[in-house]
Amino acid sequence: MKSKFYPILAAAALALPVGSSLFAAINPAIVPADSKWIAYADFAEMRESVLGQRLLAVIKEKKLLEEGGPVQPDIAKIMETIGSVTAFGDNMSGKPEEMDGALVIEGTDKLRTIAEGVIAHFMVNDPDHITELTDLPFEAYRVHDQIVVGFPTEPIILVSRSTERLLAALTAFRGKAVSLAKKSGALAGMLPAENDYYFYGASVVPAATMENGNAPEARILKMTQAASVRLGEVGDDVVANATLIAADNDTATRLTKIVNGMTALLSLAQSEEADLVAFIDSVKVQQTDRRVTVKMGYPSAKLITLVESQINREQRAKESDSQREAERFTLEGDLVAEWTSADDHAPAVGEGFDAALPVEHTTTAVKLTPGMILNIGSVINSHEVSRIDYIDLVPAGGGAAERFEAEFMRLSNSRIDSVDTASGGESIRLGGGRRPGHAQLVFRGAPGEYLLKVGYLKDSESLMRFKISVISPPAQE
């Protein structure tokens, strides 16, 4: 199960109130001098920007923090606690599983209290995935056997994959380690001189570990010893600056030509979209000795429109594909009900089916006679799974419901799964390989009208489509 601890912090940071900026720029004094990569985000400054406010609105629209979830944080208070996030490390192997470093989240003195409350909640509700560590000089927890979260006395949160990195980050934060502030280290020369940004990242480029390739971006990286990027807003414009450091002046000249060539090609390729052309044309490339700087400035409002237009285009295409898939999904018999999981609200839905909880969908009254077959099916795509738990037949005129567990039904392209949250500890998984799955139940009760109450497992990630049909028994000769 993915913990909601991280999206809570991320959303809260983006939601800082206007005028509450706690950190104006990266603090090189807390970054160890031997770091080979660094990333910094000033969420307070981002919140004051046009782009940041729109991003926050999108987060709210997507309901990242769903109402009725297992944690009910006071967003207004969380908004005021987080200022910036600084991440750094010295492993540049290029393999994500080998990447290691530390994350320092800074804020007010209430930050720790709120974060500890979230951890405490999950220790009670998900104890198998959170372990308290007692061998560190401050409160710390290991989450999902993958990361360590630490709470020193300072109003910060430390996150890393190892306790060693956690301790090293705290030592640097307390000013007891050689840092980039002393102008030493491979990244010292990449620190920004201006403060007009809310995101900054820099890295020593590990050319020796890069795969061979002739694509322009691969050629650029191979010719680069270090790189950095800044993103912020100046006036009404989003401003981005990327800096590439080459081995020598001649290499820098070749880099400049490649970047200029890529920009020209992109402009030609997108010639039918005026806003996109204007966006690409705003890119300016400058060379000073070994340093190549790429600058871009574009109106924030237009950039938001451009991005949202692309998102909406992709969403419409996805919905169109989903609709065509649903239309191809048919069941034998007479269709009596169809719905999607979006139609049903679950008060405490987690992410992933190991955290899915039972949800019920009740159909309108269906006339049943003995011998009829209730046929329930679901269509899925390659990333989704539909699980049926049970069907309750409820007499429309009143009376006790009769439950039929899905695992005892006749199954087609389906299988039985053990699920702790399911009725009876088992559910059925409908479908596989993008083919619809079916479960059938022969009705042997008294004739009449019945409400069909279908229990299924729902999580917050998947959209499931269900249909129910009835198949009449063959006529008696």
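Please read these numbers as outputs of a predicted model, since none were measured by experiment. (Residues numbered from 1 in each chain as written. Predicted model: local features only at pLDDT ≥ 70, side-chain atom pairs only at ≥ 80, totals over all residues. Heavy atoms only, no water.)

**Q** Outline the overall build of the protein, supporting the account with residue identities and numerical values.
**A** If you tally the helices and strands in the protein, you get ten helices and 24 strands. Within the span of the protein, comprising 477 residues, buried residues form 45% of the whole. Entry remark: accessible area of the protein is about 24300 Å², with carbon and sulfur atoms responsible for 53%. (Helix = DSSP H or I, 4+ residues; strand = E, 2+ residues; numbered from the N terminus. Buried < 20%, exposed > 50% of the residue type's maximum accessible area, 1.4 Å probe, protein only. Areas by Shrake-Rupley, 256 points an atom, 1.4 Å probe, with all protein chains shown as cover.)

**Q** So, the packing of aromatic side chains: which residues are in play, and what are the values?
**A** Tallied over the entire structure, the rule returns seven aromatic pairs. Pairing Y197 with Y200 gives two aromatic rings, centres 6.2 Å apart and planes at 50°, and the pair type is tilted. Judged on exposure class, the residue Y197 and its partner Y200 are both buried. One aromatic cluster is present, built from ring pairs that chain together Y40, Y197 and Y200. (Phe/Tyr/Trp six-rings, centres within 6.5 Å; stacked < 30°, edge-to-face > 60°.)

**Q** So what's going on with the pairing of strand β6 (residues 147-151)? Which residues, and what values?
**A** Burial analysis of β6 places five of its five residues in the buried class, the great majority of the element. Burial along β6 is two-sided: the residues I147, V149 and F151 and V148 and G150 are all buried. Sheet analysis places strand β5 (residues 139-143) next to β6, joined by five bridges and oriented antiparallel. The residue bridging V143 from the neighbouring strand is I147, located in β6. Linking two consecutive strands that pair antiparallel, namely β5 and β6, is a turn of three residues; a positive phi of about 55° is found at H144 within it. (Pairing = 2+ DSSP bridges.)

**Q** Give me unusual backbone geometry: which residues, what numbers.
**A** Phi angles above zero are rare outside glycine, and D289 is one such case at about 55°. Within the secondary structure, D289 is located in the loop between β11 (284-288) and β12 (291-299). Owing to a relative accessible area of 52%, D289 belongs among the exposed residues under this scheme. In this structure, N413 takes a positive phi of about 50° despite not being glycine. Its location among the elements puts N413 in the loop between β19 (410-412) and β20 (414-418). Of the residues examined, N413 reaches a relative accessible area of 26% and is grouped as partly exposed.

**Q** With reference to specific residues and values, describe the confidence of the model for the protein.
**A** On average, the protein scores 77 in pLDDT, and the residues at 70 or more come to 73%. Across residues 1-23, where pLDDT falls below 50, the model places 79 contacts with residues more than four positions away in sequence or in other chains. (pLDDT = per-residue confidence, 0-100. Contact = heavy atoms within 4.5 Å.)

**Q** Kindly report on the pattern of salt bridges, identifying the contributing residues and their values.
**A** Scanning all chains against the criterion turns up six salt bridges. Measuring nitrogen to oxygen at the nearest pair gives 2.8 Å for the salt bridge that ties R403 to D392. Placement of the pair is R403 in strand β18 (residues 402-405) and D392 in strand β17 (residues 386-395), with a sequence separation of eleven residues. Classification of R403 by relative accessible area gives partly exposed; the value is 41%. For D392, a relative accessible area of 8% corresponds to the buried category. Between R429 and D417 there is a salt bridge, with the nearest N and O atoms lying 3.0 Å from each other. Here the residue R429 occupies a position in strand β21 (residues 426-430), and D417 occupies one in strand β20, the gap between them amounting to twelve residues. Look at D417 and you get buried, because its relative accessible area is 10%. The structure contains a network of salt bridges with shared partners spanning R387, R415, D417 and R429. (Salt bridge = Lys/Arg side-chain N within 4 Å of Asp/Glu carboxyl O.)

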